[in-house]
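# Residue-level structure breakdown
Here are the chains, one letter per residue:
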Amino acid sequence: MSIIFERPRSLTDKPFHYCPGCTHGLVHRLVAEVIDELDIQANTIGVEPVGCAVSAHDYFDIDMQEAAHGRAPAVATGIKRVWPDKVVFTYQGDGDLASIGMAEIVHAAARGERITTIFINNAIFGMTGGQMAPTSLLGQVTTTSPHGRDAGSAGYPIRVSELLATLQGAAYVARVSVHDVKNIARAKRSIKKAFTTQIEDKGFSIVEVLSTCPINWGMTPADSLKWLQDNMIPYYPLGELKVDGEGVINR
Amino acid sequence: MAQKVLIKGNEAIGEAAIMAGCRHFFGYPITPQNEVAEYISKRMPEAGGCFLQAESELAAINMVYGAAGAGARVMTSSSSPGISLMQEGISYIAASELPCLIVNVMRGGPGLGGIQPSQADYFQATKGGGHGDYRLVVLAPSTIQEMIDLIVEGFDIADQYRNPVMILADGMLGQMMEPVVLEPKKRIERQLPAKDWATTGCDGSRPRNVINSLFMIPEQLEQRNLILIDKYKRIEQNEVQYQSIDIEGSDVVLVAYGTMARIARTVAKKAKELGISVGILRPITLWPFPYDAVAAIGDMPNVKAVFSIEMSAGQMVEDIKLGINGKKPVYFYGRTGGMIPSPNEILDYICDVLEVR
Ligand SMILES: Cc1ncc(C[n+]2csc(CCOP(=O)(O)OP(=O)(O)O)c2C)c(N)n1
Ligand code: SF4
Ligand SMILES: [Mg+2]
C-alpha cells in the first residue's frame, strides 16, 4: 500500500480551529508543503499575527513568535537581523497588515528586508466579528459599514500588492487566490517563489492571498468562493506584480 | 587603574552597551538622546553588530521583541514620548519574559512637552506604563560612570530573570560630559541561564520554541501571571539597590535619584553651614523600590522630616510615603516641565518646613 496523501511534516496533528469553509487552514497547508519541499523546517522561524491566525503556532511545527497587532514585519526584522541565514516569514491578515500595521509592512519592504510575508486578504476583520477592513470592497456590508462601505466616508479599498510593488526593496510581489483547484496550485507556486526569493537573498517577498471568511460574510463556504471570484478578483487582479525585482542591496 | 576619558552621557550609553556584549540596537531619533543611536550607528558595525534605524518607536520595540526572542542581547533607547509609544511592545516583552534593555532619557512632558531634563516618567516606568500585571526592573544612575556600570549590570539582570530592564536617565545625564573609566567598575557574578527558549529554528533535537502571550482560558492566564508575580517577588528580595549618605543622626533626610541626587549633595553641604544636618537616601533601583531603607528612616528618632526632591510634580514621593508609613512627615519639592530645582530653592523650602532662620 502506498501513501498518496498525507499531512505535511511542517504541520502538527492539531485540528484547525478555523470556521468551516475558512481558507486560513488551506493556506497554512500550502505554506507547510512549501517548507517541506524546500526542506527548511529546521531553519524556519514564523511570526504570527493578531487575527484569526493568532494561534498559528498550534499548527506550524516550527519555532514561532507571536507579534502584537500589525507589528509582525518589525518582529520578523528583529529575528532576521539576529539570524540572517534562517528563513523568517510573517503570516498576517488584512486588518493586521493593511490597517494597524501599514507602516511596518511598507518599511520592511522598502528596506528590502529578507523576509517573506503571507498576506491573507479576506476583505474583513475576521477575529473581532466582521468589521470593515481597509480592503473591504465599496458597498460591502460589514458590522461597521451596515449600509455598505461608502467611499465618501470610509474611502477606498487599498490594493496592497500594487502599493508595495512600487518599492525598490520588494523583490517578489504576487497576488493569488484559493477559490478553486487551479488557483490553489498557482498560489502554492507563488508561495514557493516567495520563500526562494528570500533564500536567494534577493529582498523582501510577499504573496497576497485572496481568501474567504464565510462566517462574517454571512455566506455558505461555496457561495463565499463564488463571491470572492465575482467581486474580489475584479478589484484585486491576480498575478505576479514583481519577480526578481530590484532591491538587491548587499548586506 | 585604567585611563579616564571625557565622554558625553548618551555616548557612554552606547559604549557601555557594546561593552556588555549587546550587538543589536533598534531605535528612532528623539531629543535629548539622539547621540545614543548616532554613536551606536558608528560603533556597532565595528563591533560586528547590527544597528537599525526603525521607522518608529513602535517598530523599534517590536524589533527588540523579535531579536530578544531570537536570543540576542538587544536594546533600544528613546525619550519620553517615544517610550510612551513603546508601551504595548514593552508589555508584550514582559509577558513573554524576554530579556532586553530599554533606555529612557527623560524630557519634560506631558504631550510633546519639551526637550529639557525631567523625571516625570517615574510612574510610567515603575507602575506599569503598558497594560496588564507586569514589572520592569528600573535602574536610575546619577553619574555617567554609574550609567556605564548599570547598563552592563542591567543586561545581566535582564538575562538572569528573563525580564526587560529600563535605565531611567534624564536629559541632564544624557547631555553632560564627565571623565569616566570605560570599563564596568564592579560586575557582580551572576548565573545567567542558557537561552534554550529562543527561536533559533528547530531541527527536532529539542521541543520547538514558541514565544507568545495569548492565553484565552482565564485559569491558564492566571497561572501564567502567577509565575511572573513569583519572579517579581524574587527580584524584590534580591535586587534592591540604594545609597545612603550621612543618614545616621541627621535632622532631615532627602530622598532623590538620578540628577536630583547630585543636587541633593549640594543642598546637604549648604544646609550644614546653617547647622542643619541632611542625610541622603538615593534609590538606585526605582523598581524594586528600597521600601525597607525608607521604612528604617521612619524609625530614626532624630529625623524630623523626610523630603522627596524631584524633577516632577511629585511621583516618587508616593513610594516614600508608603515606605515611611506615617511615621514621619513627608514633604515634596519639585519643579516640572524641564525646570531643574536649584539647591537654594530646595534649601529655602527645607528651612520653611523646619521653621529655621
Ligand atoms: C492593538 C490592538 N488593537 C485591536 C485589537 C483587536 N483585534 C484583534 S484581531 C483584529 C482584526 C483582525 O483582522 P485581520 O487582520 O483581517 O485578520 P483575520 O481575523 O480577518 O484573519 C483586531 C482589530 C488588538 N488585538 N490589538
Ligand atoms: S472568522 Fe472568518 S477568517 Fe476567522 S476563522 Fe472564521 S471564517 Fe476564518
Ligand atoms: Mg481579515
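Note that the structure is predicted; figures quoted are calculated from it, not measured.

## Here's the deal with the overall build of chain B
Counting its secondary structure elements, chain B contains 13 helices and 15 strands. For 357 residues, the compact-globule estimate of 2.2 N^0.38 gives 21 Å, and chain B sits close to it at 21 Å. With the principal axes as the frame, chain B shows a C-alpha extent of 75 × 50 × 45 Å. In chain B, which comprises 357 residues, the share counted as buried stands at 58%. Here the analysis covers contacts within chain B between residues at least 6 apart in sequence; of these, 81% occur between residues at least 24 apart. Here chain B contributes 33 positively and 40 negatively charged side chains, and the mean placements of these two sets differ by 3 Å.

## Focus: the overall build of chain A
When helices and strands are counted, chain A shows nine helices and seven strands. The globule rule puts the C-alpha radius of gyration for 251 residues at 18 Å, and the 17 Å found for chain A is close to it. With the C-alpha coordinates aligned to their principal axes, the bounding extent of chain A is approximately 50 × 50 × 30 Å. Across the 251 residues that make up chain A, the buried fraction comes to 59%. Long-range pairs, those at least 24 residues apart, make up 69% of the contacts in chain A with a sequence separation of at least 6. Summed over its atoms, the accessible surface of chain A is roughly 9,700 Å², and 56% of this surface lies on carbon and sulfur atoms. Counting 23 positive and 27 negative side-chain charges, chain A places the centres of these two groups 4 Å from one another.

## Comments concerning the site of ligand 1
Around ligand 1, a shell composed of 17 residues is seen, among which A:His24, A:Asp94, A:Gly95, A:Asp96 and A:Gly126 lie nearest. The environment around ligand 1 is built from residues contributed by chains A and B. Between ligand 1 and A:Gly95, the relevant distance is 2.8 Å, taken from an oxygen atom to a main-chain nitrogen or oxygen of the residue. A distance of 2.8 Å is found between an oxygen atom of ligand 1 and a backbone nitrogen or oxygen belonging to A:Gly126. For ligand 1, whose unbound accessible area comes to 600 Å², protein coverage reaches 77%. Considering every element that reaches the shell around ligand 1, the biggest residue donor is helix α3 (residues 94-100) of chain A, with four residues.

## Considering the packing of aromatic side chains
Throughout the structure, instances matching the rule amount to 16 aromatic pairs over all chains. Geometrically, the ring pair formed by A:Phe89 and A:Phe195 is edge-to-face, given 5.6 Å between the ring centres and 65° between the ring planes. Here A:Phe89, found in strand β3 (residues 87-93), pairs with A:Phe195, found in helix α7 (residues 181-199); they are 106 residues apart in sequence, far enough to count as distant. Both residues of the pair, A:Phe89 and A:Phe195, count as buried. Geometrically, the ring pair formed by B:Phe307 and B:Tyr331 is stacked, given 5.4 Å between the ring centres and 25° between the ring planes.

## So, the environment of B:Ala20
Secondary-structure assignment places B:Ala20 in the loop between α1 (9-19) and β2 (24-27). Residues within four places of B:Ala20 in sequence aside, it is in contact with B:Arg73, B:Val152, B:Phe155 and B:Arg187.

## Quick look at unusual backbone geometry
Residue and element names in this part refer to chain B. A cis amide bond links Thr 31 to the next residue, Pro 32, at an omega of 10°. In this fold, Pro 32 is placed in the loop between β2 and α2 (34-46). Unusually for a residue other than glycine, Glu 97 sits at a positive phi of about 55°. When you line up the elements, Glu 97 lands in the loop between α5 (87-95) and β5 (100-106). The phi dihedral of Asp 246 is positive, around 55°, even though this residue is not glycine.

## Here's the deal with helix α13 (residues 343-354) of chain B
Residues and elements named next belong to chain B. With 12 residues, α13 should cover 16 Å at 1.5 Å per step; its first-to-last C-alpha distance of 16 Å lies within 8% of that length. Within α13 the residues assigned to the buried category are Glu 345, Ile 346, Leu 347, Ile 350 and Cys 351. Just downstream of α13 lies Glu 355, where phi reads positive at about 55°.

## Quick notes on the site of ligand 2
Close contacts around ligand 2 come from A:Tyr18, A:Cys19, A:Cys22, A:His24, A:Cys52, A:Asn122, A:Gly126, A:Cys213, A:Pro214 and A:Asn216, and that covers them all. Its residues assigned to classes, the shell around ligand 2 comprises six nonpolar, four polar and no charged.

## Brief notes about the sheet that holds strand β5 (residues 170-177) of chain A
Across the sheet, eight strands lie side by side as β7(A)-β5(A)-β6(A)-β4(A)-β3(A)-β1(A)-β2(A)-β9(B); this open sheet has mixed pairing. The open sheet has two edge strands with one neighbour each: β7 (239-242) of chain A together with β9 (210-211) of chain B. Bridge count between strand β1 (residues 44-48) of chain A and β3(A): four bridges; the pairing is parallel. Each residue of the ladder has a partner; that of A:Thr44, found in β3(A), is A:Val87.

## Let's talk about the pattern of salt bridges
Applying the stated criterion to the full structure yields 34 salt bridges over all chains. For the salt bridge of A:Asp63 with B:Arg206, the shortest nitrogen-to-oxygen distance reads 2.6 Å. In this pair, A:Asp63 sits in strand β2 (residues 63-66) while B:Arg206 sits in the loop between β8 (177-181) and β9, so the two residues belong to two different chains. Between B:Arg224 and B:Glu97 there is a salt bridge whose closest N-O contact spans 3.0 Å. Of the two residues, B:Arg224 sits in helix α9 (residues 218-238) while B:Glu97 sits in the loop between α5 and β5, which places them 127 residues apart along the sequence. We note that B:Arg224, like B:Glu97, is buried. Here the residues in one salt-bridge network are A:Arg29, A:Glu33, A:Glu37, A:Lys188 and A:Lys192, joined through shared partners.

## Overview of helix α7 (residues 144-161) of chain B
Residues and elements named next belong to chain B. Compared with an ideal rise of 1.5 Å per residue, which puts 18 residues at 26 Å, α7 spans 25 Å between its outermost C-alpha atoms and is within 8% of the ideal. Within α7, 17 of the 18 residues are buried, which leaves it mostly tucked inside the rest of the structure. Arg 162 sits one or two positions beyond α7 and adopts a positive phi of about 50°.

## What about the confidence of the model for chain A?
Residues and elements named next belong to chain A. Per-residue pLDDT for chain A averages 96, and the proportion of residues at 70 or more is 98%. Within chain A, the element-level pLDDT minimum falls on β7, averaging 95, and the maximum on strand β4 (residues 116-121), averaging 99. Every residue in residues 247-251 scores below 50 in pLDDT, and together they form 14 contacts with partners more than four places removed in sequence or on other chains.

## Notes on the domain arrangement of chain B
All names here are of chain B. Here chain B is described as being made up of domain 1 (4-192 + 226-238) and domain 2 (242-354). Relative placement of domain 1 and domain 2: their C-alpha centres are 26 Å apart. Every contact between the two is made by 33 residues of domain 1 and, on the other side, 27 residues of domain 2. The junction of domain 1 with domain 2 conceals about 2,400 Å² of combined surface from both sides, 56% of it contributed by carbon and sulfur atoms. Of all residues in domain 1, the largest losses of buried area upon contact with domain 2 belong to Gln 119, Tyr 122 and Phe 123, amounting jointly to 30% of the total for that side. The tally of links between domain 1 and domain 2 comes to three salt bridges.

What counts and what doesn't
Residues numbered from 1 in each chain as written. Chains lettered and ligands numbered in written order. Predicted model: local features only at pLDDT ≥ 70, side-chain atom pairs only at ≥ 80, totals over all residues. Heavy atoms only, no water. Helix = DSSP H or I, 4+ residues; strand = E, 2+ residues; numbered from the N terminus. Rg over C-alpha atoms; globule rule 2.2 N^0.38 Å. Buried < 20%, exposed > 50% of the residue type's maximum accessible area, 1.4 Å probe, protein only. Contact = heavy atoms within 4.5 Å. Lys, Arg positive; Asp, Glu negative; His and termini not counted. Charge placed at Lys NZ, Arg CZ, Asp CG, Glu CD. Areas by Shrake-Rupley, 256 points an atom, 1.4 Å probe, with all protein chains shown as cover. Near = heavy atom within 4 Å. Polar contact = N/O pair within 3.5 Å; in protein donor to acceptor, adjacent residues only side chain to side chain. Phe/Tyr/Trp six-rings, centres within 6.5 Å; stacked < 30°, edge-to-face > 60°. Expected span 1.5 Å × (residues − 1). Nonpolar A, V, L, I, M, F, W, Y, C, P; charged D, E, K, R; others polar. Pairing = 2+ DSSP bridges. Salt bridge = Lys/Arg side-chain N within 4 Å of Asp/Glu carboxyl O. pLDDT = per-residue confidence, 0-100. Domains from an automatic or database assignment. Buried area = accessible area lost by both parts, 1.4 Å probe.

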